[in-house]
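What follows is the residue order along each chain.
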Amino acid sequence: MARTLIQAPSSVRRGDSFSLRVLLQHPMESGFRVGAEGQVLPRDIVRRFACSYNGERVIEVELFPAVAANPYLEFSALASASGTLSFVWEGDHGFVHREQRAITVT
Amino acid sequence: MTRWLLVLAGLVATLPCGAEPPGDGRRSGFAYMGASTQAMQLDDTLNPGMLWVLEGEQLWNRRVGAAGRSCATCHGDARVSMRAVAARYPDFDSALQRPVDLRQRIGACRQRQEPGLPPPGEEQAQLSLEAYIGLQSRGLPLAPPQDLRLQTYRERGRAFFEQRIGQLGLSCADCHDQHAGRRLGGSPIPQGHATGYPIYRLEWQGLGSLQRRLRACMSGVRAEPLAWGSPELVELELYLAWRARGMSVETPAVRP
Amino acid sequence: MKRRLLLAAAAGAPIVLQLRPAQATPEALAAAIHSFTGGTPLREGKVRIEVATLVDNGNTVPVSVSVPGAAPAEVAAIALFNERNPQSDVARFHFGALAGLRTVSTRIRLATSQQLVAVARLADGSCWAQRVDVVVTLAACIE
């Protein structure tokens, strides 16, 4: 179970832009590093992140090996209706991780 | 050479005992970092070390072993029972009759509950517990115990700190007492106060212990690093804790 | 290098060397940008990159990109490229219907001192870029 740190407000005003921060524990092995025996350490990165809000897309991010380990992303969403923020990370070797947060719009 | 060491020893010995507020010339490694790295440490929603703290909290409450006990079973709420605990390690262990650091203390407790557990090292679970317990001392002053039984070990730690080692023939004191504030290559040399361990080191892109950092420094001067968990490393940690006495705990700190 | 390997091996330390294969060439960078812009010529402006001029460590460099020169709804996507890593792409941010302000932040790896390029693709098809030079030094006391 990958560990995440998500900062999302619990309540926002309709029409406001609000900031979201997500941090995922993941090595983001670049595929460019070499181990002690001279073997290239195989790539193991998160390739895609997406955030949806009541099923509608907020942002989709393509990540490349240049993103640091324990990838951190900050972006903004538009407060529309109360409901659910969904987050998904997908990556090499079938990696998938999902999180959700409830949000209230006043 | 010996005279130089004596002068250094004399200088160090003139530092007053007891807790001093900042302003006595000692500065945390925090002060040498860029603004964005400082911001990463100050905000718990930005600090990657908090990922390990979260895991540590989970482990604290996880039942293990034949008796099905968690840390919480005996120690209750860590925010209460572990408050200021990390700030006074290393401490003297009466049963073992030698100093132990927090890692060894946590490791011993875990082994009592899970007898098959190997000695503690840099594995995720151990680091997570160290980070979680360390967090309960954040903001409090480092308070190395006054226990007289620690004195000899602390002196040995100080002697190692001042001893030239490795192919480069440098002592810890050479860089971190004499040249702190100047630069090694492009990097500022901090004073080397162990106030924030375990730290999220940007170079590691992960969380690591003081022992890992000290061993990396020894590799850096081309010396054979002290063995993990060795008495010599604990003595060095013991001296470093005294050297940083009164400074605020920053666990989990972020460092370059 | 070999002596250090021997010393480190003797100490039992895990050694991971940073491999520097053929560095990203200017052609590779141009190709990566082209794949994002579809060939639309880049114009300088509208985009703002926030990054330290001298980074604390090239393994983890906080970067923010915003587009103060355009209204949020106008900005369809932002992409970040680098000049000297083995790969030119860093990250691409595609904004959806419920995206808010067009400011994004992340932490990136920079293999060496180099130029960062941020490109914003607007809804009207135009592409705007900002470039900054970043200094990266090797850390002291690495394992």
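Procedures and definitions
- Residues numbered from 1 in each chain as written.
- Chains lettered and ligands numbered in written order.
- Predicted model: local features only at pLDDT ≥ 70, side-chain atom pairs only at ≥ 80, totals over all residues.
- Helix = DSSP H or I, 4+ residues; strand = E, 2+ residues; numbered from the N terminus.
- Rg over C-alpha atoms; globule rule 2.2 N^0.38 Å.
- Buried ≥ 20, exposed ≤ 12 C-beta atoms within 10 Å, placed from the backbone.
- Pairing = 2+ DSSP bridges.
- Contact = placed C-beta atoms within 7 Å.
- Nonpolar A, V, L, I, M, F, W, Y, C, P; charged D, E, K, R; others polar.
- Domains from an automatic or database assignment.
- Axes fitted to C-alpha atoms, helices over the stretch in contact; angles between N-to-C directions.
- Parallel < 35°, antiparallel > 145°, perpendicular 65-115°, else oblique.
- Core = buried A, V, L, I, M, F, W, Y, C linked by C-beta atoms within 7 Å.
- Left-handed = near helix turned anticlockwise from the far one by under 90°.

J.: Help me out: how do you make sense of the overall build of chain B in this one?
T.: A tally of helices and strands in chain B yields 11 helices and seven strands. Relative to the 2.2 N^0.38 estimate, which gives 18 Å for 256 residues, the radius of gyration of chain B is 18 Å and therefore close to what a compact globule would have. By principal-axis analysis of the C-alpha atoms, chain B measures approximately 60 × 45 × 35 Å. When each of the 256 residues of chain B is scored for burial, the buried share is 42%.

J.: What should I look at first to understand the sheet that holds strand β6 (residues 206-208) of chain B in this one?
T.: As a general point, the strands of a sheet are linked pairwise by backbone hydrogen bonds and lie either parallel or antiparallel. Residues and elements named next belong to chain B. Here three strands make up an open sheet; going across it, the order is β6-β5-β7 and the pairing mixed. Looking at the sheet topology across the chains shown, the edges are occupied by β6 and β7 (254-255). Relative to β7, strand β5 (residues 199-201) is paired through two bridges, and the arrangement is parallel. Considered in β7, the bridge of Arg201 is made with Arg255.

J.: Any chance you could explain unusual backbone geometry here in plain terms?
T.: Comment: phi is negative for the bulk of residues other than glycine, and the bulk of peptide bonds are trans. For the bond from Tyr197 of chain B to Pro198 of chain B, the omega torsion is -5°, close enough to zero to count as cis. Within the element layout of this structure, Pro198 of chain B appears in the loop between β4 (187-188) and β5. With an omega dihedral of -5°, the bond running from Thr251 of chain B to Pro252 of chain B counts as a cis peptide bond. Of note in this structure, Met28 of chain A is not a glycine but carries a positive phi near 45°. Not every positive phi belongs to a glycine, and Ala84 of chain B is a case in point at roughly 70°. A residue is classified by how many C-beta atoms lie within 10 Å of it, and Ala84 of chain B, with 12 of them, is exposed.

J.: Quick question: what am I supposed to make of the interface of chain B and chain A here?
T.: Frequently, the measure chosen for interface size is the accessible area removed from exposure when the parts meet. The interface is formed by eight residues belonging to chain B together with nine residues belonging to chain A. A breakdown of the residues in the side of chain B that touches chain A according to their chemical character gives four nonpolar, three polar and one charged.

J.: So what exactly am I meant to see when it comes to the pairing of strand β5 (residues 75-82) of chain C here?
T.: Successive side chains on a regular strand alternate, one facing one side of the sheet and the next facing the other. Residue and element names in this part refer to chain C. With seven of its eight residues buried, β5 lies for the most part within the structure. Relative to strand β8 (residues 114-122), β5 runs antiparallel, the two being bridged by seven bridges. Residue Phe81 lies in a different strand from β8, and its bridge partner there is Val117. As paired strands, β5 and strand β6 (residues 89-95) are joined by five bridges and run antiparallel to one another. Note on β6: the bridge partner recorded for Ala79 is Arg92.

J.: Would you take a moment to explain the domain arrangement of chain B for this structure?
T.: All names here are of chain B. One can read the domain layout of chain B as domain 1 (25-43 + 143-255) and domain 2 (49-135). Between domain 1 and domain 2, the C-alpha centre-to-centre distance is 22 Å. Tallying the contact residues gives 26 residues for domain 1 and 24 residues for domain 2. Put simply, the parts of the chain that give the side of domain 1 that touches domain 2 at least two residues each are β6 and α11 (231-243). Of all the elements, α11 adds the most residues to the side of domain 1 that touches domain 2, at six residues. Its residues assigned to classes, the side of domain 1 that touches domain 2 comprises 17 nonpolar, four polar and five charged.

J.: Where do I start with the interface of chain C and chain A in this structure?
T.: On the side of chain A, 31 residues touch chain C, which itself brings 33 residues to the contact. Element by element, the count of residues in the side of chain C that touches chain A is highest for β6 of chain C, at seven residues. Grouping the constituent residues of the side of chain C that touches chain A by class yields 17 nonpolar, 12 polar and four charged. Alignment of strand β7 (residues 72-78) of chain A against strand β7 (residues 103-108) of chain C, held across two bridges, turns out to be antiparallel. The residue of β7 of chain C that forms the bridge with Leu73 of chain A is Thr106 of chain C.

J.: Just to check I follow, could you spell out the sheet that holds strand β2 (residues 11-12) of chain A for this structure?
T.: With respect to topology, 10 strands assemble into an open sheet ordered β2(A)-β9(A)-β8(A)-β5(A)-β6(A)-β6(C)-β5(C)-β8(C)-β9(C)-β2(C), the strand pairing being mixed. The open sheet is flanked by β2 of chain A together with β2 (42-44) of chain C, the only strands paired with a single partner. Packing of helix α2 (residues 26-37) of chain C onto the sheet brings it into contact with β2, β5, β6, β8 and β9 (127-134) of chain C, and relative to β8 of chain C it is tilted by some 15°.

J.: What am I meant to see in the packing of helix α3 (residues 49-60) of chain B against helix α7 (residues 124-135) of chain B here?
T.: Helix packing geometry: the angle between the two helix axes and the distance between the axes. Residues and elements named next belong to chain B. Where α3 contacts α7, the axes come no closer than 7 Å and their chain directions differ by 95°. Looking at the two axes, α3 sits roughly perpendicular to α7. Mapping the contact onto sequence places Gly49, Trp52, Val53, Glu55, Gly56, Glu57, Leu59 and Trp60 in α3 and Ala125, Leu127, Ser128, Leu129, Ala131, Tyr132 and Leu135 in α7. Residue classes in the contact of α3 with α7 are distributed as 10 nonpolar, three polar and two charged.

J.: Quick question: what am I supposed to make of the nonpolar core here?
T.: For soluble globular proteins, the rule of thumb is that nonpolar side chains tend to be buried together. Ranked by size, the top nonpolar core spans 119 residues in total, and within it Val67 of chain A together with Ile78, Leu80, Phe93 and Ala118 of chain C carry the most contacts. Broken down by element, this core gets its largest block of residues, seven residues, from α11 of chain B. Mapped onto the domain boundaries, this core takes at least three residues apiece from domain 1 (25-43 + 143-255) and domain 2 (49-135) of chain B. Beyond its immediate stretch of four places on either side in the chain, Leu80 of chain C contacts Val63, Val65, Val90, Ala91, Leu116 and Ala118 of chain C.

J.: Before we go on, may I ask you to explain the packing of helix α6 (residues 102-113) of chain B against α7 of chain B in this structure?
T.: Residues and elements named next belong to chain B. The N-to-C vectors of α6 and α7 enclose an angle of 115°; their axes lie 10 Å apart at closest approach. Overall, the two elements α6 and α7 adopt an arrangement that is roughly perpendicular. In the packing of α6 onto α7, the handedness of the crossing is right-handed. Residues Leu102, Arg103, Ile106 and Gly107 of α6 lie in contact with α7, whose contacting residues are Gln126, Leu129, Glu130 and Ile133.

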